[in-house]
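Architecture at a glance
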Amino acid sequence: MGKVKVLQVIGTLQIGGAETIAMNFARYMNKEKFQIDYLVFGNNVGEYEVEAINLGSKVMHIESPSNGYIKYMKNLKEILINGKYDVIHTHLLSNNGLSLKVAHHLNVSKRISHSHSTNSGKKMNSIYQMYVYLMRKFIKKYATHYIACGKDAANYLYGEKISKEKGIIINNGIDVNKYSFSKEKRIKIRNEFNLKNAIVIGHIGRLSVVKNHDFLLRIFKELYLLNNNVLLLIVGDGELKTHIENKCIDLGIEDRVIMTGNRLDVADLVHAIDIFVFPSLYEGLPVAMIEAQASGAPCIVSDNITSDVKITNLVTFLSINQDPKIWANKILENVNINRINCSQELTEKGFDILESIFQLEQIYLS
């Protein structure tokens with residue numbers, strides 16, 4: 001029996017939550033049994049592409065569906081036929097429907113829809129609402145498996161009925177041992193960024209509207225007024241980079257905010273951070289929050305984020321409608337909690353990457 005050939009339709013291999021999950025398939029799956037390839041849109045080369053190729057994956061670039069649905073379907077059809085794929089695994093929320101429809105007509109035996117979020121982040125005008133309605137019909141009709149990172153993400157894309165009857169929850173597993181707290185890594189990173197004895201507030205995520213950086217900066221300004229020994233470490237890149245830099249200047253905190261851009265060593269960076277703050281407008285089940293808990297650091301997060309993210313008692317929920325001063329005080333209340341080893345707890349609750357990979361392998365082989 002040859003390898004099971006799987007096409008991951010991910011859109012981009014830039015550093016991000018869903019992208020990290022999709023990359024983990026190539027990193028951790030049995031390479032003697034599975035060939036994991038990636039379909040991305042546009043010509044931009046993401047940070048993960050070189051690694052994917054080095055792991056034996058093909059990375060194929062085509063035009064985005066937004067540049068023409070007919071052309072997209074034609075290009076995808078060619079790729080599926082030429083690649084002789086056994087499985088298509090799509091990660092594009094409602095856009096999954098288009099890819100699943102093409103795969104169904106080509107008799108691809110396993111057609112997997114995977115939901116990573118509880119909101120598309122797009123403005124819902126009447127035309128887009130009609131499109132989403134049609135795509136969800138396609139998902140319902142053409143998918144063979146309905147996967148999500150949590151219940152809220154499943155309900156958002158599939159509706160409660162399908163989620164309850166056919167939904168499969170696969171946790172966003174991580175290599176828990178890699179994130180387990182290390183004093184050596186903490187010293188190394190704090191020296192690299194000259195953090196000295198500062199209280200370091202951390203935020204990891206794409207610089208986009210959903211992450212609510214404006215509110216994060218307002219929180220940090222209030223925090224700085226309470227304690228001038230704080231620093232904010234923002235890890236990530238995105239379209240709001242310049243806006244965030246200007247906002248820091250407006251608030252007079254530019255000397256206390258470090259923006260690292262995208263980093264491939266997040267597993268080291270988490271150890272230098274004393275407390276994580278995630279005031280997102282919405283999320284599925286953010287990988288960064290799982291990584292933060294694995295490192296034993298407290299997390300203050302928006303209650304718009306699914307409650308599924310509270311894997312340990314390190315997580316405290318607050319409303320983004322509350323005054324930033326309340327967030328600042330809560331951060332100071334929690335920042336002195338001693339670092340604890342949570343790797344065993346995350347493993348027991350199903351967030352070890354090997355457990356997630358095993359679940360997925362069983363679906364691919366079924």
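Here's what I pulled together on the structure shown here. (Residues numbered from 1 in each chain as written. Predicted model: local features only at pLDDT ≥ 70, side-chain atom pairs only at ≥ 80, totals over all residues. Heavy atoms only, no water.)

Per the secondary structure count, the chain includes 15 helices and 13 strands. What you see for the chain is a C-alpha radius of gyration of 21 Å, in line with the 21 Å of a compact globule of 366 residues. C-alpha atoms of the chain, sized along the principal axes, occupy 60 × 45 × 40 Å. Here the chain holds 366 residues, and the buried ones make up 56% of them. For the chain, the share of sequence-separated contacts (at least 6 apart) that also reach a separation of at least 24 residues comes to 70%. Total accessible area on the chain stands at roughly 16,700 Å², and carbon and sulfur atoms take up 49% of it. (Helix = DSSP H or I, 4+ residues; strand = E, 2+ residues; numbered from the N terminus. Rg over C-alpha atoms; globule rule 2.2 N^0.38 Å. Buried < 20%, exposed > 50% of the residue type's maximum accessible area, 1.4 Å probe, protein only. Contact = heavy atoms within 4.5 Å. Areas by Shrake-Rupley, 256 points an atom, 1.4 Å probe, with all protein chains shown as cover.)

Moving on, we come to the packing of helix α1 (residues 17-28) against helix α15 (residues 353-365). Across the interface, α1 lies against α15 with an axial gap of 11 Å and an inter-helix angle of 85 degrees. Classified by the angle between their axes, α1 and α15 sit roughly perpendicular to one another. Residues Asn24, Phe25 and Tyr28 of α1 pack against Ile353, Leu354, Ile357, Leu360 and Tyr364 of α15. The residue makeup of the contact of α1 with α15, split by class, is 7 nonpolar, 1 polar and no charged. (Axes fitted to C-alpha atoms, helices over the stretch in contact; angles between N-to-C directions. Parallel < 35°, antiparallel > 145°, perpendicular 65-115°, else oblique. Nonpolar A, V, L, I, M, F, W, Y, C, P; charged D, E, K, R; others polar.)

For the second largest pocket, the calculated volume is near 340 Å³. In terms of lining, the second largest pocket is formed by 15 residues, of which the most central are Arg136, Lys140, Tyr158, Gly159 and Ile162. At 9 residues, helix α6 (residues 151-166) tops the list of elements feeding residues into the lining of the second largest pocket. (1 Å grid on protein atoms, 1.4 Å probe; cavity = no way out; pocket = protein on both sides within 12 Å on 5 of 7 lines; lining within 4 Å. Points joined across faces, edges and corners; volume = space filled by probe spheres on them.)

This paragraph deals with the environment of serine 109. Turning to its location among the elements, serine 109 is positioned in the loop between α4 (96-105) and β5 (110-115). Between the C-alpha atoms of serine 109 and valine 87, which are 22 residues apart in sequence, the distance is 6.4 Å. Once residues within four sequence positions are removed from consideration, serine 109 is found in contact with Asp86 and Thr144. Polar contacts involving the side chain of serine 109 include one to the main-chain carbonyl oxygen of aspartate 86, which spans 3.1 Å. (Polar contact = N/O pair within 3.5 Å; in protein donor to acceptor, adjacent residues only side chain to side chain.)

Where α4 contacts helix α5 (residues 126-142), the axes come no closer than 8 Å and their chain directions differ by 40 degrees. Here α4 lies oblique to α5, going by the angle between them. The two elements α4 and α5 meet at a crossing, and its hand is left-handed. Contact with α4, carried on its side by Asn96, Gly97, Leu98, Leu100, Lys101, His104 and His105, involves Met135, Phe138, Ile139 and Tyr142 of α5 and no other residues of that element. Grouping the amino acids of the contact of α4 with α5 by side-chain chemistry returns 6 nonpolar, 4 polar and 1 charged. (Left-handed = near helix turned anticlockwise from the far one by under 90°.)

This part is about the sheet that holds strand β2 (residues 34-41). Taken in spatial order, the 7 strands make up an open sheet running β3-β2-β1-β4-β5-β6-β7, and their pairing is parallel. The sheet is open, and its two edges are formed by β3 (59-62) and β7 (167-169), each paired on a single side. Strand-to-strand twist in this sheet, taken as the mean axis angle between neighbours without regard to direction, amounts to 25 degrees. The sheet contact formed by strand β6 (residues 145-148) and β7 spans 3 bridges and is parallel. In the strand pairing of β7, isoleucine 147 is matched with isoleucine 168. Against the sheet, α15 contacts β1 (4-11), β2, β4 (87-90), β5, β6 and β7, and its axis sits at roughly 150 degrees relative to β5. (Pairing = 2+ DSSP bridges.)

Before going further, it helps to examine the pattern of salt bridges. Considering all chains together, one arrives at 13 salt bridges under this definition. Here glutamate 333 and lysine 330 are joined by a salt bridge, their closest N and O atoms 3.4 Å apart. Note that glutamate 333 and lysine 330 are positioned in helix α13 (residues 324-334) at a spacing of 3 residues, about one turn of the helix. Where lysine 349 meets glutamate 345, a salt bridge forms, and the shortest distance between an N and an O atom there is 3.1 Å. We classify lysine 349 as partly exposed; its relative accessible area is 42%. By sharing partners, the salt bridges in this structure join Lys185, Lys188 and Asp268 into a single network. (Salt bridge = Lys/Arg side-chain N within 4 Å of Asp/Glu carboxyl O.)

Let us now look at the nonpolar core. By size, the foremost hydrophobic cluster in this structure holds 99 residues, and its most contacted members are Tyr38 and Tyr364. By residue number, the principal contributor to this core is α5, which donates 7 residues. When neighbours within four sequence positions are excluded, tyrosine 364 is seen to be in contact with Val4, Val6, Gln8, Phe25, Met29, Phe34, Ile36, Val87, His89, Lys110 and Ile112. If you look at the next biggest cluster of nonpolar residues, it comprises 26 residues, including Leu216, Val230, Ile253 and Ile275. (Core = buried A, V, L, I, M, F, W, Y, C linked by side-chain atoms within 4.5 Å.)

Attention now moves to empty space enclosed by the protein. According to the stated counting rule, one finds 1 cavity of 30 Å³ or more in the structure shown. What the largest cavity holds in volume is close to 90 Å³. Surrounding the largest cavity, Ile21, Asn24, Phe25, His114, Ile170, Asn171, Asn172, Gly173, Ile353, Ser356, Ile357 and Leu360 form its lining. Broken down by element, the lining of the largest cavity gets its largest block of residues, 4 residues, from α15. Here the residues of the lining of the largest cavity sort into 6 nonpolar, 6 polar and no charged.

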